[in-house]
Amino acid sequence: MTLYKPKDRLLLGGTILLGGLSSLLAAFVSIFLQRVIDVAVAGEIREFYRVLGGMAAFLLAFGVISFSEALLGKILLRNVTRYLRDRVFKGVMKQDPKEYTAQNTADYLSALVNDVKLVEDNYLVPLLLCFQMAVLFLATLGILLYLSPLVTFILLLFLVLLFAVPALMGKKLQERQDAYSAQLSSFTAAAKDFLNGYEVIRGYSALHCILGRFHKVNKDTADKKFAADRLMAVNESFSDIFSSLTVIVIVFVAAWQMMQGKVSMGTLLALIQLSGTFVTPVVILMQNIPKIQGIKPVMEHLAELMDISRNEGEDSSRQEYEMQGLQEAIRCTDLTFSYADDQKVLENEDFLFEAGKKYAVVGQSGCGKSTLIKLLTGYFRDFQGQIEIDGHSLKEMPQEEINRRIAVIHQNVFLFDTDIRDNICLGRQYSDEEIHKALMESGMEDFLAGMEGGIDSKVGENGQLLSGGQRQRIAVARALIRRTPVLILDEGTSAIDRETAFEIEKRLLERRELTVITITHHMDERLEGEYDGILRLGV
Ligand SMILES: Nc1ncnc2c1ncn2[C@@H]1O[C@H](COP(=O)(O)OP(=O)(O)OP(=O)(O)O)[C@@H](O)[C@H]1O
């Protein structure tokens, strides 16, 4: 899985380099310490000031390098997490509808929020730290070897034993991290569900029951995290014991060597100081290596979501579709479709929707009317039989080409949490005239006149600041402004009062160039005569 853009690789290299350099400098503090003590014991005052000056310059360089390294590290984290979220989001949105709906949207949310955070905390930060600590460790080892080979040899014996611990725990921790990540996803799904159900919970006094469910999923999540943390605790306590033991060993062995006259007072103090810089990297490496090993399943999950690189074929087939609009007809031949293998929703259906004509599709609830729309608009393409738009097979048509020809006004309108204008234009540029026309045709002007912010009024989360009818009129305007030659109304005016709905539909049916397909349970009898064909599904 690629975590970095090419320019971030440079950043990573720079961070590692500076991190290594600052660790190297940190290890050399002990040499200054040794020098200053030995000079002081010998009473060499001039040499004492020289060492002091050197120390000041050294600290300055150390500060600059350490700050630059910290800053580069933060920039790297920002870039990588941003890049990861962008790629996961893009990958998820590019899935085909069947793949997309196979998982709960909370899974995607959890990947974007929790899993990316886990990668930051348990992979990126530890990885940078480990590089830095590895350099610090090697530098310390070199200096230790120079000051006292005996102490170094004893410490190395400890190490062999200590690195066995994270290696043994890595796999178990990986399993527990994986379980925690999956549980976080379930937690997000449940919390999202309960929060969305606020009105039902209040209206049916279901709070007690929902609190119980929340308590359970919350407890399971905390337990899964604790299971992983418990393993980390073993690791952490082992590290603490090791730290104390190392210092004790160094002090005793070095003091014994001093009594033998083999090391100076300065070397003894330098060795004591080095015990810190020897222990710290080892402890940090011990604590972080299992984290890095444990994050593998989370990274694999993110990689799966990112790597859905579907070729939507927008450019490759543009030539073929130069003909704009709908010239002749949409023809469905022997159309069969099922969601599950054993249950056919549509079976051997034939339809012809000719350009400029008006059709009503009627049928009882559950007979497959909305499914037919999903097939006509290329949402599901794994049907049997044929759908052709002006002779072109819809299965091979790029989505963009289908969207240029067909717009749907859905019964359940989704509105983004922005303003009315944005919900109509959906990121495209339209002239004031085009917007005005769409507002008029969708019957929106009346209700906009009563709103202080007009078309720039906020709609709230999924349009909750508006009424159902107002939301539906926005959906009508959203479809009309695209000026597609085909308009499908999936009960698209059911939330609007009868008279306004009649007016809107009548106006649409009067537009000669427009092909209209209305899906409805209740056809206004005044409009029946306006249709060129009434298709009955499921009879
Ligand atoms: N995403 C889906 N996965 C599985 N089955 C589905 C899915 N969507 C719809 N169905 C099933 O397909 C059948 C047809 O559903 P569809 O929504 O097309 O009916 P409809 O005629 O539009 O119904 P209504 O008039 O009540 O809106 C139903 O039995 C429904 O349970």
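An unreviewed UniProt entry lists the protein under the name ABC transporter ATP-binding protein, with Blautia hominis given as the organism. Taken directly from UniProt, the Subcellular location (unreviewed entry) text for the protein runs: "Cell membrane".

Colleague: So what exactly am I meant to see when it comes to the pattern of salt bridges here?
Modeller: On inspection of all chains with the given rule, the structure shows 17 salt bridges. The shortest N-O distance in the salt bridge between E47 and R50 comes to 3.2 Å. Of this pair, E47 and R50 both sit in helix 3 (residues 45-93), 3 residues apart, which is roughly one turn of that helix. In this structure, R428 engages E400 in a salt bridge whose closest nitrogen and oxygen atoms are separated by 3.9 Å. One end of the pair, R428, is in the loop between helix 13 (420-425) and helix 14 (432-441); the other, E400, is in helix 12 (residues 399-405), with 28 residues separating them in the sequence. On the accessibility criterion, R428 (46% relative accessible area) is partly exposed.

Colleague: Quick question: what am I supposed to make of the packing of aromatic side chains here?
Modeller: Aromatic ring pairs are reported here in terms of the distance separating the ring centres and the angle at which the planes meet. Under the defined criterion, the tally for this structure stands at 13 aromatic pairs. Between F48 and Y49 the ring centres are 5.9 Å apart and the planes differ by 75 degrees, which places this aromatic pair in the edge-to-face class. Judged by its relative accessible area of 27%, F48 falls in the partly exposed class. Taking relative accessible area as the criterion, Y49 reaches 54% and is therefore assigned exposed. Ring pairing ties together the aromatic residues F337, Y339, Y379 and F380, which thus form one cluster. Directly above the aromatic system of F383 lies the positively charged group of K395, at a separation of 4.6 Å from the ring centroid.

Colleague: Would you take a moment to explain the site of the ligand for this structure?
Modeller: All residues adjacent to the ligand are Y339, V345, Q364, S365, G366, C367, G368, K369, S370, T371 and H521. Take S365: an N or O atom from its side chain is 2.6 Å from an oxygen atom of the ligand. At 3.2 Å from an oxygen atom of the ligand is found a main-chain nitrogen or oxygen belonging to C367. Compared with its free state, where it exposes 640 Å², the ligand has 58% of that area covered by protein. Among the elements that take part in the shell around the ligand, helix 11 (residues 369-376) stands out by supplying 3 residues, more than any other.

Colleague: Teacher, can you tell me more about a positive patch on the surface here?
Modeller: Judged by side-chain charge, K5, K7, R78 and R82 come together as a positively charged surface patch. Here R78 lies in helix 3.

Colleague: Would you take a moment to explain unusual backbone geometry for this structure?
Modeller: Trans is the common state for peptide bonds, and a negative phi is the common state for residues other than glycine. The residue N462 is not glycine, and still its phi comes out positive at about 45 degrees. Taking relative accessible area as the criterion, N462 reaches 35% and is therefore assigned partly exposed. The phi dihedral of R483 is positive, around 50 degrees, even though this residue is not glycine. Tracing the chain through its elements places R483 in the loop between helix 16 (468-480) and strand 7 (486-490). The exposure class assigned to R483 is partly exposed, which follows from its relative accessible area of 33%.

Colleague: Just to check I follow, could you spell out the domain arrangement of the protein for this structure?
Modeller: Many authors give the size of an interface as the accessible area that is lost as the parts come together. As assigned here, the protein comprises domain 1 (6-306) and domain 2 (319-536). When each unit is reduced to the centre of its C-alpha atoms, the spacing between domain 1 and domain 2 is 54 Å.

Colleague: Would you take a moment to explain the sheet that holds strand 4 (residues 384-389) for this structure?
Modeller: Two pairing modes exist for strands in a sheet, parallel and antiparallel, and in both the strands are linked by backbone hydrogen bonds. The antiparallel open sheet is built from 4 strands, whose spatial order is 2-1-4-5. Each of the sheet's edge strands pairs with one partner strand only, and the pair in question is strand 2 (344-354) and strand 5 (392-393). Strands strand 1 (329-338), strand 2 and strand 4 of the sheet are contacted by helix 11, whose axis makes an angle of about 120 degrees with strand 1.

Colleague: Just to check I follow, could you spell out the UniProt feature "transmembrane region" (unreviewed entry) in the protein for this structure?
Modeller: UniProt records the feature "transmembrane region" (unreviewed entry) at residues 12-33, 53-77, 123-144, 150-169, 241-259 and 265-286, using the numbering of this structure. Helix makes up 100% of residues 53-77 and strand 0%, whereas the separation of the span's terminal C-alpha atoms amounts to 36 Å. Helix and strand shares over residues 265-286 are 100% and 0% respectively, and the end C-alpha atoms of the span are 32 Å apart.

Rules and cut-offs
- Residues numbered from 1 in each chain as written.
- Predicted model: local features only at pLDDT ≥ 70, side-chain atom pairs only at ≥ 80, totals over all residues.
- Heavy atoms only, no water.
- UniProt positions renumbered as here; feature names shortened; annotations may be inferred.
- Salt bridge = Lys/Arg side-chain N within 4 Å of Asp/Glu carboxyl O.
- Helix = DSSP H or I, 4+ residues; strand = E, 2+ residues; numbered from the N terminus.
- Buried < 20%, exposed > 50% of the residue type's maximum accessible area, 1.4 Å probe, protein only.
- Phe/Tyr/Trp six-rings, centres within 6.5 Å; stacked < 30°, edge-to-face > 60°.
- Lys NZ or Arg CZ within 6 Å of the ring centre and 35° of its normal.
- Near = heavy atom within 4 Å.
- Polar contact = N/O pair within 3.5 Å; in protein donor to acceptor, adjacent residues only side chain to side chain.
- Areas by Shrake-Rupley, 256 points an atom, 1.4 Å probe, with all protein chains shown as cover.
- Patch = residues over 30% accessible without salt bridge, like charges linked within 9 Å, V, L, I, M, F, W, Y side chains within 5 Å.
- Lys, Arg positive; Asp, Glu negative; His and termini not counted.
- Charge placed at Lys NZ, Arg CZ, Asp CG, Glu CD.
- Domains from an automatic or database assignment.
- Pairing = 2+ DSSP bridges.
- Contact = heavy atoms within 4.5 Å.
- Axes fitted to C-alpha atoms, helices over the stretch in contact; angles between N-to-C directions.

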